[in-house]
Amino acid sequence: MKKTEIIGQAEQVFVHTYNRYPIVLDHGEGVYLYDTDGKRYLDFAAGIAVMALGYGVKEYNDALKSQIDRLIHTSNYYYSEPAMTAGRKLAAASKMDRVFFTNSGTEAIEGAIKAAKKYAYTRHGHADFEIIAMEHSFHGRSIGALSVTGNEHYREAFLPLMDGVRFARLNDFESVLQSVSEKTCAIILEPIQGEGGIYPACPEFLRQVRALCDERDLVLIFDEIQCGMGRTGTMFAWQQYGVRPDVLAMAKAIGGGVPVGAFAVTERIAKQSLAPGDHGTTYGGNPFVCAAVSTVLDLFERMDVLANVSRVGDYLSEKLDELCASDGRIQERRGIGLMQGLQFECPVGEIIQDCQNRGLILINAGANVIRFVPPLVITEQHVDEMIEILKESLRQKS
Ligand SMILES: *Cc1c(COP(=O)(O)O)cnc(C)c1O
């Protein structure tokens, strides 16, 4: 089928929730994507920080194929070895104690919110608690996740949302203190805000929030759906900061491309929170997706992905800093490891489109920020290739 036909028919059949780029992707290999015309793109978006290992990894594909032939789905009424194995590996990698698999990041957030509410209910014997979330955060599109998402643009049409959410500002501990009350049961934040524009939390801020949660018996929820799974150079970003949450939400890269998320809790929360009947999912953690999670975690070790992220992440930061210093339109670089953002003084949509025409896939994070979340297996050469294309594009536009 011709590209224009595919695009035309897609536009007729799908609910119009996306303004898609006018390309039709066909297959991927390594860190490159190919469209239906055979044009090649260097991928610095990774399907929004999902394809950590890149495309066409034989061992991963083989593991999925063999699980398909064995058993795809069971429901959570029964045990399966792939689910148990993936759960154990994910708990070990995240240094949390217990895991609940979901089908998406949004559902991981829903579960995290319910775990926090149930904890408070168990501790105090009544409900009606409040949650503190951060401005410019993003936690997903369901009503619960939207309720803790600090972006009016996403929320406005869907009010009223879940009751009892107050917004504070990341890296402004005073604003958190001002939001705390007798009713507060949890604080939720992204250690590095992703969609909001790549804003890392300050170590001191996270330590203060952790201390506050300890002091008042609040549940600290970290949303590491985007910044977790190796993206910053440690398995999870909290390990960089040395501030462990009580509940950790994960998704995106954990399945290497299959739809899977998870939330994990410490034993202390597990003992006093969700119990049989409180939460569930039909698909969540089925043998198929768990085979993917398991294989991804194995490959992270075998391919020494974390060391690669640290090394290439430093290189990327250095190159982006050089670019920032040489171009007056770029105000700032922010980020850690292979989660980086360039803050422009102007909207970046045209630059991203132009780079795409030149064979480079980038995405934004807010109107004025170009976001760099490539597969975690890229090398310095790929960074050089990306910088060259971006520079050319910026030269054209100046
Ligand atoms: C992507 C994302 C989500 C939502 O995950 P989905 O899989 O799209 O439901 C939540 N939080 C953060 C930080 C994200 O980046």
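Residues numbered from 1 in each chain as written. Predicted model: local features only at pLDDT ≥ 70, side-chain atom pairs only at ≥ 80, totals over all residues. Heavy atoms only, no water.

It is worth spelling out the domain arrangement of the protein at this point. By a widely used convention, the size of an interface equals the accessible area lost when the partners come together. According to the domain assignment, the protein contains domain 1 (3–53 + 304–397) and domain 2 (59–302). Computed from C-alpha atoms alone, the centre-to-centre distance between domain 1 and domain 2 is 26 Å. Every contact between the two is made by 27 residues of domain 1 and, on the other side, 29 residues of domain 2. Roughly 2200 Å² of surface becomes buried between domain 1 and domain 2 when both sides are summed, with 66% attributable to carbon and sulfur atoms. (Domains from an automatic or database assignment. Contact = heavy atoms within 4.5 Å. Buried area = accessible area lost by both parts, 1.4 Å probe.)

What follows is about helix α15 (residues 380–397). When the terminal C-alpha atoms of α15 are compared, their 26 Å separation across 18 residues agrees well with the 26 Å that a helix rising 1.5 Å per residue should span. Burial in α15 covers these residues: Glu380, His382, Val383, Met386, Ile387, Ile389, Leu390, Ser393 and Leu394. (Helix = DSSP H or I, 4+ residues; strand = E, 2+ residues; numbered from the N terminus. Expected span 1.5 Å × (residues − 1). Buried < 20%, exposed > 50% of the residue type's maximum accessible area, 1.4 Å probe, protein only.)

Below, the discussion takes up the pattern of salt bridges. A full pass over the atoms with the stated rule returns 26 salt bridges. A salt bridge links Glu59 to Arg302, with the shortest nitrogen-to-oxygen separation between them at 2.4 Å. Here Glu59, found in helix α3 (residues 58–70), pairs with Arg302, found in helix α12 (residues 287–302); they are 243 residues apart in sequence, far enough to count as distant. What makes Arg302 exposed here is its relative accessible area of 54%. One salt-bridge network, held together by shared partners, links Arg123, Arg210, Asp214, Asp217, Asp246 and Arg268. (Salt bridge = Lys/Arg side-chain N within 4 Å of Asp/Glu carboxyl O.)

In this structure the tally under the stated criterion is 1 cavity of 30 Å³ or more. The space that makes up the largest cavity amounts to roughly 30 Å³. Lining the largest cavity we find Ala10, Glu11, Phe14, Val15, His16, Tyr18 and Arg20. Within the lining of the largest cavity, the residues separate by chemical class into 4 nonpolar, 1 polar and 2 charged. (1 Å grid on protein atoms, 1.4 Å probe; cavity = no way out; pocket = protein on both sides within 12 Å on 5 of 7 lines; lining within 4 Å. Points joined across faces, edges and corners; volume = space filled by probe spheres on them. Nonpolar A, V, L, I, M, F, W, Y, C, P; charged D, E, K, R; others polar.)

Let us look at the nonpolar core. Residues Phe44, Ile187, Phe372, Met386 and Leu390 are the most contacted members of the largest nonpolar core, which totals 102 residues. Built from parts of two domains, this core gets at least three residues from each of domain 1 (3–53 + 304–397) and domain 2 (59–302). Within the second largest apolar cluster, 26 residues are counted, among which are Ile113, Ala120, Val148 and Val219. (Core = buried A, V, L, I, M, F, W, Y, C linked by side-chain atoms within 4.5 Å.)

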